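Architecture and fold: a report
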Amino acid sequence: MKLMLIPALLCGLLHCATQASGVTIESVPGSGLDGFIQTELEETVSLTCTHEATSEDDSELVWLRNGALVSLNEVNKKGPSRVCISPVILDDREAIFTCHLQGNASVSASVVLNVTYPPSLNGSEVVTVEEEATMVLLCDIDAHPQVSAVVWTLNGTEVDLKAGRFSLTNDGLTSKLSTDKVQRSLHEGTYSCMAESPMYGSRDKEFTVDVTDKTLKFPLYPMIAGIVVVCLTTILAVASRWRKIVKCFK
Ligand SMILES: *[C@@H]1O[C@H](CO)[C@@H](O)[C@H](O)[C@H]1NC(C)=O
Ligand SMILES: *[C@@H]1O[C@H](CO)[C@@H](O)[C@H](O)[C@H]1NC(C)=O
Ligand SMILES: *[C@@H]1O[C@H](CO)[C@@H](O)[C@H](O)[C@H]1NC(C)=O
């Protein structure tokens, strides 16, 4: 068992090569035997493709990222050809880098990026919600590897879904705590959403929820129209009356 692990470990520590039919990709950091390169956001991955050229003219190389051509300058097309992913971004998750011979796409080698990242939870947010309105708190828990647990607390103790009439959903990317009808005594306070990453430890985000009085919503437009009509009538009445009064004085 131990003996079998040694080559794999060496491969991970040294610049490892992924090879198939004459084209070889070496990477820094090295890839595992399965061709996965372990990396994180903001890091740099460099890949070098070499070809055991049988004849000089057919040794031009092509790089693909998820099947799309990577543009290379002329010098870089002759082996060894080097591409650099710097910095690694979220979009590079599971990106497949393939190098093949210009003249024969079946002479190729591939590696896959395994980008790990923590859930992007931090800071705090102030949420103002009216009494009897709907409250929705969202937590972005997207991470690789996936978070192992998400815990919501209110004023420091775990949220009691039933007592607080909350509903909680989690689609693997977002954890959503919501309630249909906010009640100050039940829902005002400081919430926290904490996600546990097996690799990066726990991350959390705070929400300070203020519940305001329910505002009475008057039907504003009909009221304005009504006021305008009343005013106009008064003005007209005074105006017509004024004419009569003025006439008297003549
Ligand atoms: C491409 O390379 C493969 C593997 O070396 C070989 O079997 C095949 O004949 C080559 N195809 C062409 C069109 O050269
Ligand atoms: C990717 O990296 C994570 C964290 O190290 C690991 O658990 C997972 O097995 C890796 N996935 C692959 C396909 O190598
Ligand atoms: C949470 O704490 C605040 C401040 O002490 C308090 O006003 C609020 O009523 C508490 N919320 C709940 C639901 O107990």
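Residues numbered from 1 in each chain as written. Chains lettered and ligands numbered in written order. Predicted model: local features only at pLDDT ≥ 70, side-chain atom pairs only at ≥ 80, totals over all residues. Heavy atoms only, no water.

**Regarding the overall build of the protein**
- Within the protein one finds four helices and 17 strands.
- Residue burial in the protein is summarised as follows: out of 250 residues, 32% are buried.
- Taking the contacts inside the protein whose residues are at least 6 apart along the sequence as the reference set, 61% of them involve residues at least 24 apart.
- Of the accessible surface of the protein, which amounts to about 15,800 Å², a share of 59% is contributed by carbon and sulfur atoms. (Helix = DSSP H or I, 4+ residues; strand = E, 2+ residues; numbered from the N terminus. Buried < 20%, exposed > 50% of the residue type's maximum accessible area, 1.4 Å probe, protein only. Contact = heavy atoms within 4.5 Å. Areas by Shrake-Rupley, 256 points an atom, 1.4 Å probe, with all protein chains shown as cover.)

**So, the sheet that holds strand β13 (residues 157-158)**
- Reading across the sheet, the five strands line up as β10-β17-β16-β12-β13 and stay open at both edges, with mixed pairing between neighbours. Each having just a single partner strand, β10 (124-130) and β13 make up the two edges of the open sheet.
- In the sheet, strand β16 (residues 189-197) pairs with strand β17 (residues 201-212) via nine bridges, with the strands oriented antiparallel. When the bridges of β17 are listed, Thr190 appears paired with Thr208. (Pairing = 2+ DSSP bridges.)

**As for the state of the cysteines**
- In the structure shown here, the tally under the stated rule is two disulfides.
- Here Cys49 is linked by a disulfide to Cys99, with a sulfur-sulfur distance of 1.9 Å. Handedness here is read from the sign of the S-S torsion; for Cys49 and Cys99, about -80 degrees, the answer is left-handed. You can see Cys49 sitting in strand β4 (residues 45-51) and its partner Cys99 sitting in strand β8 (residues 96-101), a full 50 residues away along the chain. Comparing Cys49 with Cys99 shows no difference in burial state: the two are buried.
- Residue Cys139 pairs covalently with Cys193 via a disulfide, S to S 1.9 Å. On the sign convention where negative is left-handed, the bridge of Cys139 and Cys193, at about -130 degrees about the S-S bond, is left-handed. With Cys139 in strand β11 (residues 135-140) and Cys193 in strand β16, this residue pair connects regions lying 54 residues apart in the sequence. (Disulfide = S-S within 2.5 Å.)

**Points about the site of ligand 3**
- By nearness alone, every residue bordering ligand 3 is listed as Leu154, Asn155, Ser185, Leu186, Glu188 and Gly189.
- Starting from 360 Å² of accessible surface for ligand 3 in isolation, the protein chains cover 42%. (Near = heavy atom within 4 Å.)

**Considering the pairing of strand β5 (residues 61-65)**
- Extensive coverage of β5 is indicated by the burial of four of its five residues.
- Bridge count for β5 against strand β6 (residues 68-70) is three bridges, and the pairing is antiparallel. Paired with Leu64 across the bridge in β6 is Leu69.
- Between β5 and β6, which pair antiparallel one after the other, the connecting turn spans two residues, and Asn66 there sits at a positive phi close to 50 degrees.

**Regarding the site of ligand 2**
- Contacts to ligand 2 come from Phe36, Gln38, Asn114, Thr116 and His144.
- In the environment of ligand 2, an oxygen atom lies 2.3 Å from a nitrogen or oxygen atom belonging to the side chain of Asn114.
- Burial of ligand 2 by the protein amounts to 53% of the accessible area it has alone, namely 360 Å².
- Contributions of two or more residues to the shell around ligand 2 are made by β3 (36-40) and β9 (104-116). (Polar contact = N/O pair within 3.5 Å; in protein donor to acceptor, adjacent residues only side chain to side chain.)

**As for the packing of aromatic side chains**
- Applying the stated criterion across every chain yields a total of two aromatic pairs.
- Measuring from ring centre to ring centre gives 5.8 Å for Trp152 and Phe207, while their planes differ by 25 degrees; the resulting arrangement is stacked. Residue Trp152 is found in strand β12 (residues 149-154), and its partner Phe207 is found in strand β17; the two are separated by 55 residues along the sequence. Judged on exposure class, the residue Trp152 and its partner Phe207 are both buried. (Phe/Tyr/Trp six-rings, centres within 6.5 Å; stacked < 30°, edge-to-face > 60°.)

**Overview of the nonpolar core**
- Membership of the largest hydrophobic core comes to 22 residues, with the highest contact counts inside it found for Val23, Leu47, Trp63 and Phe97.
- Among the elements of the structure, β2 (23-28), β4, β5, β7 (81-85), β8 and β9 are those that each provide at least two residues to this core.
- Of all the elements, β9 adds the most residues to this core, at five residues.
- Grouped together as the second largest cluster of nonpolar side chains are 21 residues, Val129, Cys139, Val147 and Val209 included. (Core = buried A, V, L, I, M, F, W, Y, C linked by side-chain atoms within 4.5 Å.)

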